[in-house]
Amino acid sequence: MKKETLWVAGIPVALMTLGLPRAALSQPVRALTPVVVTAPAADEPLVVRTDPKAPRQPVPAHDGADFLKSIPGFSVIRKGGTDGDPVLRGFSGSRLGILLDGQEIYGGCGGRMDPPTAYVYPESYDRVTVLKGPQSVRYGAGQSAGVVLFEREVKRMESFGWKADGSLTLGSFGRNDQMADVLVGGPQAYVRAGGTRAQADDYFSGHDDDTSICTLDRAHEDARTVFKQYGKKKGR
């Protein structure tokens, strides 16, 4: 029985070997270039925990959306030079909960011009946790995409003193980010104050840098064309 089993199993191998071109068999084995993947390790299914203070390439994140796009499953809808709306597995808006120290943030307006992540400077937080999927209702209902928790750790001081943390980021297109975090207190009480600021120039899209195409007259002409095509159909 053993001989018959080995003989039958060896037939596909022999046929496969005979079917290969001779050139393929004679080619030398080439070693591929190593690929390095940097990503936060997941210790639970559908849960990602990461340190926002850890160095990130090529430059530090300027808002919460820029930080989240480095986590698998996230993408970003660009809103401005220093702003973005995160998308998790195709879901965004109210379907993705953003909590800052336990408080859900809804953004500046209903049109998502200022999404909640626009008010998040990742480096000012101590821990970021992503809960993917609608399995948990601990942080509210309706969050079918998941929940993102930006949290600060409360570290009581053993003796009276103070601690400060800050950063400055300068880059192209007028990028200018500042962050400061100061903690003063003792074992019984403490005061913590922080401030962040992010600024960048407007970004270009299409042919914004071509003055022969992007002119005020061209914008008016395009607006009239769109109105003629779609305005009459709605009875305007």
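**Section: unusual backbone geometry**
Peptide bonds are mostly trans, and most non-glycine residues show a negative phi.
Turning to step 1, where the next piece is worked out: Of note in this structure, R89 is not a glycine but carries a positive phi near 55 degrees.
Turning to step 2, where the next piece is worked out: In this model, D101 sits at a positive phi of 55 degrees, which is unusual for a non-glycine residue.
Turning to step 3, where the next piece is worked out: For D101, the location among the structural elements is in the loop between β4 (96-100) and β5 (103-104).
Turning to step 4, where the next piece is worked out: D101 sits in the partly exposed class, given a relative accessible area of 40%.

**Some remarks on the sheet that holds strand β6 (residues 127-132)**
Turning to step 1, where the next piece is worked out: Spatial ordering of the open sheet is given by β1-β6-β7-β4-β5, a layout of 5 strands whose pairing is mixed. This sheet does not close on itself; its edge strands, each paired only once, are β1 (47-50) and β5.
Turning to step 2, where the next piece is worked out: Looking at chain direction, β4 and β5 are connected through 2 bridges and run antiparallel. When the bridges of β5 are listed, L100 appears paired with Q103.

**Points about the packing of aromatic side chains**
Turning to step 1, where the next piece is worked out: Counted under the stated rule, the structure contains 1 aromatic pair.
Turning to step 2, where the next piece is worked out: Note that R152 overlies the ring of Y125, its terminal NZ or CZ placed 4.0 Å from the centroid.

**Section: the sheet that holds strand β10 (residues 190-199)**
Turning to step 1, where the next piece is worked out: Strand order in the open sheet made by the 3 strands is β8-β9-β10, with antiparallel pairing throughout. Of all the strands in the sheet, just β8 (161-171) and β10 have a single pairing partner and so form its edges. Across the sheet, the axes of successive neighbouring strands diverge by a mean angle of 0 degrees, strand direction being ignored.
Turning to step 2, where the next piece is worked out: As paired strands, β8 and strand β9 (residues 175-185) are joined by 11 bridges and run antiparallel to one another. Residue pairing across strands places A164 opposite V182, the latter belonging to β9.

About the thresholds
Residues numbered from 1 in each chain as written. Predicted model: local features only at pLDDT ≥ 70, side-chain atom pairs only at ≥ 80, totals over all residues. Heavy atoms only, no water. Helix = DSSP H or I, 4+ residues; strand = E, 2+ residues; numbered from the N terminus. Buried < 20%, exposed > 50% of the residue type's maximum accessible area, 1.4 Å probe, protein only. Pairing = 2+ DSSP bridges. Phe/Tyr/Trp six-rings, centres within 6.5 Å; stacked < 30°, edge-to-face > 60°. Lys NZ or Arg CZ within 6 Å of the ring centre and 35° of its normal. Axes fitted to C-alpha atoms, helices over the stretch in contact; angles between N-to-C directions.

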